[in-house]
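Structural overview for review
What follows is the residue order along each chain.
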Amino acid sequence: MGSGHGGASDPFVRVRGARVHNLDGVDVEVPRDALTVFTGVSGSGKSSLAFGTLYAEAQRRYFESVAPYARRLIQQVGAPKVEEVTGLPPAVALQQRRGAPTSRSSVGTVTTLSNLLRMLFSRAGTYPPGTAERLDSDAFSPNTAIGACPECQGLGRVHRVTESSLVPDPSLSIRDHAIAAWPGAWQGKNLRDVVDALGYDIDRPWRELPQADRDWLLFTDEQPVVTVHPVREAGRIQRPYEGRFMSARRYVMRAFSESRSAATRRRVRRHLESALCPVCGGRRLRPEALAVTFAGRDIAELAALPLADLAEVLRGTAALAAPGAAVASAASGEATEAAVSLARDLVARIEVLVGLGLGYLGMDRPAPTLSPGELQRLRLATQLRAGLFGVVYVLDEPSAGLHPADTEPLLDVLERLRAEGNTLFVVEHDMDVVRRADWVVDVGPGAGERGGRVLYSGPVPGLAEVRESATRPYLFEAAGRKPGGGGDTSTGASADPGTSAGAGAGAGADPGAGAGAGAGAGVPRVPGRWIRLRGVDRHNLRDLDVDVPLGVFTAVTGVSGSGKSTLVSQVLAEVVARPDPDGGSRGEEAADAGEDAVEGGGEDPWEGGDTVDAEQGAVRVRSVRGADAVDRLVRVDQRPIGRTPRSNLATYTGLFDAVRRVFAATGEARARGYTPGRFSFNVASGRCGTCQGEGFVAVELLFLPGTYAPCPTCHGARYDPRTLEITYRDRNIAQVLDMSVDSAAGFFADVPAAARSLRTLRDVGLGYLRLGQPATELSGGEAQRIKLAGELQRARHGRTLYLLDEPTTGLHPADTDLLMRRLHGLVAAGNTVVVVEHDMGVVAGADWVLDLGPGAGDDGGRVVAAGPPAEVARAPGSRTAPYLAKRLAGGAGRAPGDGSGTV
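Since the model is a prediction, treat every value here as computed from it, not as a measurement.

1. Some thoughts on the overall build of the protein
Scanning the protein from N- to C-terminus turns up 30 helices and 27 strands. Across the 903 residues of the protein, 53% fall into the buried class. Considering only residue pairs separated by 6 or more positions, the protein has 68% of its internal contacts joining residues 24 or more positions apart. Total accessible area computed for the protein in this model is approximately 37400 Å², and 50% of it derives from carbon and sulfur atoms.

2. Regarding the side chain of E837
One can find E837 in the loop between β25 (832–836) and α28 (840–844). With residues near it in sequence (within four places) discarded, E837 still touches V556, T557, E806, P807, T808, V842 and V843.

3. Considerations on helix α15 (residues 404–419)
It helps to recall that an α-helix has 3.6 residues per turn; residues three or four apart then point in one direction. In this model α15 runs 23 Å from its N-terminal to its C-terminal C-alpha over 16 residues, within 8% of the 22 Å that 1.5 Å per residue would give. Residues of α15 that are buried: P404, A405, D406, T407, E408, P409, L410, L411, V413, L414 and L417. The first or second residue beyond α15 is G421, which carries a positive phi of 95 degrees.

4. Digging into the sheet that holds strand β4 (residues 84–86)
Reading across the sheet, the three strands line up as β2-β1-β4 and stay open at both edges, with antiparallel pairing between neighbours. At either end of the open sheet lies a strand with only one pairing partner, and these are β2 (26–31) and β4. Within the sheet, the average angular offset between the axes of one strand and its neighbour, ignoring direction, is 5 degrees. Judged from the five bridges that link them, strand β1 (residues 12–18) and β2 form a sheet pairing that is antiparallel. By the bridge assignment, A18 is partnered in β2 with V26.

5. Section: unusual backbone geometry
Backbone torsion omega between G444 and P445 reads 5 degrees, so that peptide bond is classified as cis. Of note, P445 is situated in the loop between β12 (439–444) and β13 (453–458). The peptide bond linking G853 to P854 adopts the cis configuration, its omega dihedral lying at 5 degrees. The backbone phi angle of H21 is positive, close to 55 degrees, even though this residue is not glycine. One can find H21 in the loop between β1 and β2.

6. Some details on helix α7 (residues 211–219)
Every buried residue of α7 is accounted for by R214, W216, L217 and L218. Contact partners of the buried residues in α7: α5 (163–166), α6 (185–197) and α8 (248–258).

7. Brief notes about the packing of helix α4 (residues 113–124) against helix α13 (residues 337–355)
Axis separation between α4 and α13 bottoms out at 10 Å; the angle between their running directions is 160 degrees. Classified by the angle between their axes, α4 and α13 sit roughly antiparallel to one another. Along this stretch, α4 crosses α13, giving a crossing that reads as left-handed. Across from L113, L116, L117, M119, L120, R123 and A124 in α4, the residues of α13 making contact are A338, A339, L342, A343, D345, L346, R349, I350 and L353. Considering only residue class, the contact of α4 with α13 consists of 13 nonpolar, no polar and three charged.

8. Brief notes about the sheet that holds β12
Read from one edge of the open sheet, six strands run β5-β10-β11-β3-β12-β13, paired in mixed fashion. Since the sheet does not close on itself, it has two edges, and those belong to β5 (91–94) and β13, each with one partner. Neighbouring strand axes in the sheet, compared pairwise and without regard to direction, differ in orientation by 15 degrees on average. Taken together, the four bridges between strand β3 (residues 35–39) and β12 define a ladder with parallel strand orientation. Looking at β12, one finds that T39 is bridged to D442. Contacting β3, β10 (392–396) and β11 (423–427), α15 crosses the sheet at an angle of about 145 degrees to β11.

9. A word on the pattern of salt bridges
Scanning the entire structure with this criterion turns up 41 salt bridges. For D203, the salt bridge identified is with R175, shortest N-O distance 2.5 Å. With D203 in the loop between α6 and α7 and R175 in the loop between α5 and α6, this residue pair connects regions lying 28 residues apart in the sequence. On the basis of relative accessible area, R175 is assigned to the partly exposed category, the value being 41%. Between D628 and R529 there is a salt bridge, and its shortest N-O distance comes to 3.6 Å. Remark: R529 occurs in strand β14 (residues 529–538) and D628 occurs in the loop between β20 (623–625) and β21 (632–636); sequence separation between them is 99 residues.

10. Regarding the nonpolar core
If you look at the biggest cluster of nonpolar residues, it comprises 150 residues, and the most contacted ones within it are L117, L120, F553, F748, L771, I786 and L823. At eight residues, the largest contribution of residues to this core is made by α13. Beyond its immediate stretch of four places on either side in the chain, L823 contacts F553, L788, L804, V833 and V835. By size, the runner-up hydrophobic cluster in this structure holds 33 residues, among which are V556, V576, L633 and L852.

11. Things to note about the environment of T557
Of note, T557 is situated in strand β16 (residues 553–557). The spatial distance from the C-alpha of T557 to the C-alpha of L850 is 6.2 Å, given a sequence separation of 293 residues. Once residues lying within four places of it in the same chain are set aside, the contact partners of T557 are S562, K564, E837, V843, V849, L850, D851, L852 and T880.

12. Here we look at the packing of helix α20 (residues 655–664) against helix α25 (residues 752–763)
Across the interface, α20 lies against α25 with an axial gap of 8 Å and an inter-helix angle of 150 degrees. With respect to α25, the element α20 is oriented roughly antiparallel. The way α20 lies across α25 gives a crossing that is left-handed. Contacts from L655, A658 and R661 of α20 reach α25 at A753, A754, S757 and L758. Residues belonging to the contact of α20 with α25 are distributed by class as follows: five nonpolar, one polar and one charged.

13. Thoughts on the packing of aromatic side chains
Under the definition given, this model contains 17 aromatic pairs. Both rings, one in F121 and one in F140, keep their centres 5.9 Å apart while their planes meet at 50 degrees; by these two values the pair is tilted. Of this pair, F121 sits in helix α4 while F140 sits in the loop between α4 and β6 (157–160), and the two are 19 residues apart along the sequence. A single burial state applies to F121 and to F140, both of which are buried.

14. Concerning the state of the cysteines
What the rule picks out here adds up to zero disulfides. C280 supplies the cysteine sulfur nearest to C277, a cysteine that is in no disulfide, at a spacing of 3.7 Å. By relative accessible area, C277 is classed as buried at 2%.

15. Quick look at the side chain of T111
Within the fold, T111 resides in helix α3 (residues 107–111). Contact partners of T111, with chain neighbours within four places excluded, come to L353, L378 and T382.

16. Re the environment of A405
You can see A405 is positioned in helix α15. With a relative accessible area of 11%, A405 lands in the buried category. The sequence separation of A405 and R879 amounts to 474 residues, and the corresponding C-alpha distance is 7.1 Å. Dropping the residues within four chain positions of it, A405 is found in contact with V559, R879 and Y883.

17. Describing the confidence of the model for the protein
Summarising the model, the protein shows a mean pLDDT of 82, and 82% of its residues fall at 70 or more. Ranking the elements of the protein by mean pLDDT puts strand β18 (residues 611–613) last, at 38, and β16 first, at 98. This model gives residues 1–7 a pLDDT under 50, and the stretch forms 21 contacts once residues within four places in sequence are excluded. Segment residues 479–522: pLDDT under 50, and 103 contacts once partners within four positions in sequence are set aside and those in other chains are kept.

18. Quick look at the environment of W182
Among the secondary structure elements, W182 is positioned in the loop between α5 and α6. On the basis of relative accessible area, W182 is assigned to the buried category, the value being 4%. Taking the C-alpha atoms as reference, W182 lies 9.8 Å from H271; in sequence the two are 89 residues apart. When neighbours within four sequence positions are excluded, W182 is seen to be in contact with I174, L191, V195, L217, F245, M246, S247, A248, Y251 and R267.

Here is what the cut-offs are and how they apply
- Along each chain, residues carry numbers from 1 onward, in the same order as the chain's sequence is written.
- Only residues with pLDDT of at least 70 are given local features in this predicted model, and only at 80 or more are side-chain atom pairs given and counted; all residues enter the totals for whole chains, interfaces and linings.
- Just so you know, side-chain values use all the structure's heavy atoms and leave hydrogens and water out.
- Note on conventions: DSSP H or I runs of at least 4 residues are helices, E runs of at least 2 residues are strands, and numbering of each starts at the N terminus.
- Under the scheme applied here, a residue whose accessible area is under 20% of the maximum for its type counts as buried, over 50% as exposed, and between as partly exposed, the area being computed with a 1.4 Å probe on protein chains only.
- Contact between two residues is taken to exist if any of their heavy atoms lie within 4.5 Å; hydrogens are not considered.
- Throughout, the Shrake-Rupley method with a 1.4 Å probe supplies accessible areas, and for residues the shown protein chains are the sole cover considered.
- Here a helix's expected span is defined as the number of its residues, less one, multiplied by 1.5 Å.
- Think of it this way: DSSP has to see at least two bridges between two strands before they count as a pair.
- Throughout, an axis means a line fitted to C-alpha atoms (over the contacting stretch in the case of helices), and angles, computed between N-to-C directions, take values from 0 to 180 degrees.
- By definition in this entry, angles of less than 35 degrees are roughly parallel, angles greater than 145 are roughly antiparallel, angles of 65 to 115 are roughly perpendicular, and the rest are oblique.
- Whether a crossing is left-handed or right-handed is set by the direction in which the near helix is turned from the far one by less than a right angle, anticlockwise for left-handed and clockwise for right-handed.
- Amino acid classes used here: Ala, Val, Leu, Ile, Met, Phe, Trp, Tyr, Cys and Pro are nonpolar; Asp, Glu, Lys and Arg are charged; the rest, including Gly, are polar.
- Only one rule defines a salt bridge in this text: a Lys or Arg side-chain nitrogen within 4 Å of an Asp or Glu carboxyl oxygen.
- To form a nonpolar core, buried Ala, Val, Leu, Ile, Met, Phe, Trp, Tyr and Cys residues must be joined to one another through side-chain atoms within 4.5 Å.
- When the centres of two rings from Phe, Tyr and Trp lie within 6.5 Å, Trp using its six-membered ring, the rings pair. Their planes under 30 degrees apart give stacked, over 60 give edge-to-face, and anything left gives tilted.
- In this description, the term disulfide denotes a pair of cysteine sulfurs within 2.5 Å.
- Each residue gets a pLDDT score, which is the predictor's confidence in that residue and runs from 0 to 100.

Written out as structure tokens, the structure is:
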């Protein structure tokens, strides 16, 4: 691969013969000490070049200098397939993390600020009189055994059950499912039979049972075993068996804490009541840790302050001249050298976060409640504080999840890193970031087999001459695409929002008078019915009243942290998905949507301050009206479609079922008696016995890190030789799984079940993916589009509410256009689409906009503007308005006069 020590006078990193993924012997030069952006449609190969080649090679060289034993302790990405790379400095990668953070992760743990604050309290806190010795820093952490409150295990909240939460209808008998918290199907019947065998009356209304019996059935920890004699059913003889009793509380708590099924956890969560821990009051720590103070406050109080306020509290100590001697034995060490040093470090780190617009966050803010944009900026701030010089930063879509107003401080950070003598390689789809770059590498022209070539590498203006580039029109031709993201004009999706202001759907118009969905070509859709939420209380949404239109495409906007995801993904999703009077539920994940959607009922007033329990506390809404107009709720998120390589695009969408049936129907397969199961690599009968259908085997290398190699028996095919002998149109099952969606569309054109799945996958821009591509290799955006494709191939139409959180994340503008056509098509069919979105092109093409803000955190959580895009673009006090106005006027979507766009 070459020495990589290009001459000091050569200012370029030079790549020769890169063959990672779809790169076909790519040669390219990119400058050092500059900001270089890698662009191209999704799947074109830009990440393979930036991360799979450049970063992987930099890491490989670093590991050559590390002791072999130490290499085992560090995760490695593997050596890239490249002939030579020269002039490459050490590299640091900041990739989009796909896994969801845990409930114990917080702003403090993500930024490591919590470590410093705990050390400050340990070394320099004021201890109560008579304290023998100072506490270790771990004693101030709710995530350690010595620090966590023993009652709530450091979570701050306790989940409890009551008789009313376990038995919502006491008029029912046990046989009629009075104990609603117990499981359904056979498990529930078994528990009822056990109760009967124990001598309790299961046909008597619950409220008539003695209180002692009710308490035992619901709350006992006893688990007696009795002989159950089942009633003979449908002519079948059922033999007696030994059944074990489990109380309702024991079942709910066990299922909630131990079940790996999200559906089970959601079901039992309805029977839990969440409250602040009565011991620690929600502060998560033991009393001895909470007795220590700094600046008159305990550590929980300081961690709850907005970062900007915390910096002010610490600034007085940080400004002191170090006295030069620690006072280890004193009750207070707030003026010691340790206190000054730690306070200075904390203030310096916090100031970086405040500069990135994150001063409103508290250190104890749970990471799962952060938006993707907030998480990305927290990680960037950590790197900025590191103060490295002469390294390559490789960043994966740093603008993902950011409002245009938030992108400004991000660009300032990138330019600061460059000014400090570093090189930046940025994979990016935001054209505003591309315009600020020194150099652009455009990869394409298409995705998968149709990509993998460097179309242009040079200063940004030069890309205007590359007619083959999919990026060029969006970068140079005014706004790049018409408002609406290329929506199909037959559905009204691409109508100019500027003409919609007088359509009778203004922010104050009566929603009931709207024309509903299905507006004609060129005419914006006008809301027909509405979901009216009153008194919403969740995170920074405080007593919020908001109306969400139905039958149209709604974009929810606002700066990062303004409350968009809270409103859409939590509040709206929870209240619409609540059980209906008939016992069903409108809620479905796009991944698991079943066939049990609820038919809409009549009037649907939901009054009385009901609470819908959620993972982080509760969603409280004073009243909800209009949800009866929704038959079905589908949430399309970016969570992975599977956690192992056995899950892939074909298995997830059901496409693989059709493919296996085709192979099982061939003459040779029928002659051998092969069923469709024979062609599944998850079934022992047809898979390779050596690798168990994985296609690879683990290889232990003693002092080197373990690695994976193709299976020596099947060579990666995953099946045994007999199964691979069966062919359909001269291809075996392994070869079909290796086909791209585009190739398979032609191959299975006359197989209706397969063709339908393949068509919808292509409709959302995933034609470049391989059918057998493991779920673990898919990005969050790809996973979301696969879920959407699975939903699009269903036959149902109308009265479905689709909720999507930043669906354009990770998408090139050309891919965004394709996705928007599909989403507007759902609205044209009588459905409702609500998206949280930062792309002003998407917002400009929406029928309705809800803008939250005006700021983030406590400065947000309010509806700043609501109405058609043209009205919101004129709203005073909206941080979205100037960017939306520029977009509607044909500009690049940035605020007028911001000075950007010059190269």
